[in-house]
Amino acid sequence: MLPAGAVRGGWPLPPCRTGGPAPVLTPGISCLQGPGFGLIQFALMSSLRTHSALRFPHRHLLGIKDLSATDIDQILDLADSYVELNRQVDKKQNLLRGRTQINLFFEASTRTQSSFELAGKRLGADVLNMAVSNSALKKGETLIDTAMTLNALRPDLLVVRHPDSGAVELLSQKVDCAVINAGDGSNEHPTQALLDALTIRRRRGSLQGLLVAICGDILHSRVARSNIYLLNRMGARVRVVAPPTLLPAHIDRLGVEVFHDMRAGLQDVDIVMMLRLQQERMHGAFVPSLREYYHFHGLDYEKLSRAKPDALIMHPGPMNRGVEIDSEVADDIDRSVIREQVEMGVAVRLAILDLLSRNLPANSSAAGAK
Ligand code: MLT
């Protein structure tokens, strides 16, 4: 059921905010080349300690559009440190000990849900996964009722994915805990954009000045929207490349250049981000056939040759090989960072849970602390 205040499939177009230059915070330890484990361990702990003094000025993470360039840098710096934690044998921390994290997914997810689960467990939280097929919502309960029921379970952190744009924000107004948007309709998927940014930053050093092409089903994509906000804010230039049927009206108002032709759109870009055709959100035919779509808009080596020779290939997954991307291109170990994106997903979610938990009341459950 669409909750009051939610927008199904909406692409409302607020004016595009651009941030000033980001202050340089303490860099993560990914650049350290320690000869031994002890040194790496020491560097990791001191890096996490350095970041522990920082305060994140948000109670929830609902979207990238609420974040400043400073907020984004802070998340990415901390996530950089967590990449090192994830590569250690002992990945366990105590930061969320005693806290309860509920992952509430009204839509299927593999990567996002499992990485939030791992991140919560690595920080020591009790993590409960609730899938929609098991929830009372199937029996006709409204989103608000579900929120109130969950609130009574006194979670500290609630990670929510919902098919309706705006539903996660609405839910955040009804519960006492910190809420993280794990994707709402075609609105936002903030942790995906953050993990994309972390992947790019670790490969290229900075997002500033990069030329990024986001290609495919922009119309139905929350990933596209969050990435457009983030990349603009961090000083990258964004192109969207799609047939007119897969672009929202007035997309140019979000500060992007619009292309319908892949070869023109990929010319000289640093990053190629491919998107899946989101058929579950399509009502009607948006492309003549999958074969024709692949011919004109699928990423193959011929179209990729227009991009810079070292351009990175990205995809949030799940991929449809032979529809939006050629299988060999997707697996090209010199160009594709698609698996690295999955690894960065855990680090970014660790950083978000860490930062939001700093704003939770210290000695009581979040419930009642509104
Ligand atoms: C999403 O949840 O939006 C995914 O990460 C991207 C997709 O489903 O294509």
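Chemist: How should I be thinking about the sheet that holds strand β4 (residues 178–184) in this particular structure?
Modeler: Judged by pairing direction, the sheet is parallel, and its four strands sit side by side in the order β2-β1-β3-β4 without closing on themselves. One side of each edge strand has no neighbouring strand; the edge strands of this open sheet are β2 (126–131) and β4. For this sheet the average axis-to-axis angle between neighbouring strands, irrespective of direction, equals 15 degrees. Here strand β1 (residues 100–105) runs beside strand β3 (residues 157–162); their pairing, made up of five bridges, is parallel. Paired with L104 across the two strands is V160, which belongs to β3. Docked against the sheet, helix α3 (residues 111–122) engages β1, β2, β3 and β4, running at close to 175 degrees with respect to β1. Seen against the sheet, helix α12 (residues 338–357) touches β1, β3 and β4 and runs at an angle of roughly 150 degrees to β4.

Chemist: Where do I start with the site of the ligand in this structure?
Modeler: Around the ligand sit R161, H189, R222, V223, R276, Q278, G317 and P318, and that is every residue in its neighbourhood. At a separation of 3.1 Å, an oxygen atom of the ligand approaches a polar side-chain atom of R161. One of the side-chain nitrogen or oxygen atoms of R222 is found 2.8 Å away from an oxygen atom of the ligand. With the chains in place, 93% of the 270 Å² that the ligand exposes on its own is no longer accessible. Broken down by class, the residue content of the shell around the ligand amounts to two nonpolar, three polar and three charged.

Chemist: Got a minute to help me understand the packing of aromatic side chains in this structure?
Modeler: Scanning the model with the defined rule gives zero aromatic pairs in all. Looking at K303, its charged tip hangs above the ring of Y294, at a distance of 5.9 Å from the centre.

Chemist: Got a minute to help me understand the sheet that holds strand β9 (residues 312–314) in this structure?
Modeler: With respect to topology, five strands assemble into an open sheet ordered β7-β6-β5-β8-β9, the strand pairing being parallel. Bordering the open sheet on either side are β7 (257–259) and β9, each of which pairs with just one other strand. Here the average twist between neighbouring strands, direction ignored, is 20 degrees. Where strand β5 (residues 211–215) meets strand β8 (residues 271–274), four bridges bridge the pair, whose relative direction is parallel. From the neighbouring strand, V212 faces β8, where its bridge partner is I271.

Chemist: Explain the environment of R202 here, please?
Modeler: With respect to the element layout, R202 can be found in helix α6 (residues 190–204). Spatially, the C-alpha atoms of R202 and M344 are 9.9 Å apart, while their sequence positions differ by 142 residues.

About the criteria used
Residues numbered from 1 in each chain as written. Predicted model: local features only at pLDDT ≥ 70, side-chain atom pairs only at ≥ 80, totals over all residues. Heavy atoms only, no water. Pairing = 2+ DSSP bridges. Helix = DSSP H or I, 4+ residues; strand = E, 2+ residues; numbered from the N terminus. Axes fitted to C-alpha atoms, helices over the stretch in contact; angles between N-to-C directions. Contact = heavy atoms within 4.5 Å. Near = heavy atom within 4 Å. Polar contact = N/O pair within 3.5 Å; in protein donor to acceptor, adjacent residues only side chain to side chain. Areas by Shrake-Rupley, 256 points an atom, 1.4 Å probe, with all protein chains shown as cover. Nonpolar A, V, L, I, M, F, W, Y, C, P; charged D, E, K, R; others polar. Phe/Tyr/Trp six-rings, centres within 6.5 Å; stacked < 30°, edge-to-face > 60°. Lys NZ or Arg CZ within 6 Å of the ring centre and 35° of its normal.

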